[in-house]
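The residues making up each chain are set out below.
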Amino acid sequence: MHIEPGIIAPAKVALANVVAAGVVAYYARDLLKRPADIVRTGLAALFFSLFMQSLHVNVGPSELHFVGAMAIYLTLGFLPTLLGFAAGLLLQGLLFEPVDLPQLAVNSLSLIVPLIAVHYSVGRQLRAAMAGRVVSWGSIVKLDAMYYSGVTAMVGFWLLAAEVATPLAAWASFASSYLLIVICEPLFTLAVVRLLKRHENKRLIAACFNIQSLKLAN
């Protein structure tokens, strides 16, 4: 989901910076009201950075990454995930890929905008379904499919706005590569939720993760 430096004109990058800063500032206001989410945002940024480093393969005009989006979203919550994506990309840029820092806002929006869309369309309903927040294979696949469709659409949007023409087939190759993530990530998410639920009564787990109301489907 990375857009390489030099593809998008500086004026458009500057506009993305303004939009990304506004979105992050808008949601960060609530962070002070929820002290526990400050810790969870740090954890989201850390986990996301580690996941990103675990798999990054150049595919077409962008890169295939293991994001762990739904594992982070379901166990840490919407706000920490949103802010953690931006902080995680900053951390990754500072530690591993300084060349990506000029595109920080662009790449952050590629992850944040689909998350907002998923959360306010189906995420909250799925998290509150059936008298408890039920985590099932089907619900995770649905969330992943919607989220990564949004991510690939955002990459397509940036490529359309780019100064360098990108063939549709190249973008389609990148988009189809995320089918692998949609297939594999739900297994990882279920494993993470099951592990945390097994230890949910421990004070540290309860303080760091928002899993008390999660309910695993039989």
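Scroll up for the structure.
Residues numbered from 1 in each chain as written. Predicted model: local features only at pLDDT ≥ 70, side-chain atom pairs only at ≥ 80, totals over all residues. Heavy atoms only, no water.

### A word on the overall build of the protein
Step number 1: Looking only at helices and strands, one finds nine helices and four strands in the protein.
Step number 2: Shown N-terminal to C-terminal, the secondary structure of the protein runs as helices and strands in the order α-α-β-β-α-α-α-β-α-α-α-α-β.
Step number 3: Taken over C-alpha atoms, the radius of gyration comes to 17 Å for the protein, in line with the 17 Å a tight globule of 218 residues would show.
Step number 4: Expressed along its principal axes, the backbone C-alpha trace of the protein runs to roughly 50 × 35 × 30 Å.
Step number 5: Counting across all 218 residues of the protein, residues that qualify as buried make up 50%.
Step number 6: Put simply, of all contacts in the protein between residues at least 6 apart along the chain, 77% involve residues at least 24 apart.
Step number 7: Summing over all exposed atoms, the protein offers an accessible surface of approximately 10200 Å²; the carbon and sulfur share of this is 71%. (Helix = DSSP H or I, 4+ residues; strand = E, 2+ residues; numbered from the N terminus. Rg over C-alpha atoms; globule rule 2.2 N^0.38 Å. Buried < 20%, exposed > 50% of the residue type's maximum accessible area, 1.4 Å probe, protein only. Contact = heavy atoms within 4.5 Å. Areas by Shrake-Rupley, 256 points an atom, 1.4 Å probe, with all protein chains shown as cover.)

### Re the pairing of strand E1 (residues 56-59)
Step number 1: Note: E1 against strand E2 (residues 62-65), four bridges, orientation antiparallel. Bridge pairing links Val59 to Ser62 in E2.
Step number 2: Linkage of E1 to E2, two consecutive antiparallel strands, is achieved through a turn of two residues, within which Gly60 is found at a positive phi near 60 degrees. (Pairing = 2+ DSSP bridges.)

### Here we look at helix H7 (residues 168-177)
Step number 1: The set of residues buried in H7 consists of Phe174, Ala175 and Ser177. All buried residues of H7 fall inside an arc of 160 degrees around its axis, so they share one side. Set apart from the buried face of H7 by more than 90 degrees, the exposed residues are Leu168 and Ala169.
Step number 2: Here the buried face of H7 lies against E1, E2, helix H6 (137-160) and helix H8 (179-198). (Arc of directions from axis to C-beta.)

### Overview of a nonpolar patch on the surface
Step number 1: Together, Leu90, Leu91, Leu94, Leu95 and Phe96 make up a nonpolar patch on the protein surface, roughly 470 Å² of accessible area in all.
Step number 2: Along the chain, Phe96 turns up in the loop between helix H4 (78-95) and helix H5 (104-127). (Patch = residues over 30% accessible without salt bridge, like charges linked within 9 Å, V, L, I, M, F, W, Y side chains within 5 Å. Salt bridge = Lys/Arg side-chain N within 4 Å of Asp/Glu carboxyl O.)

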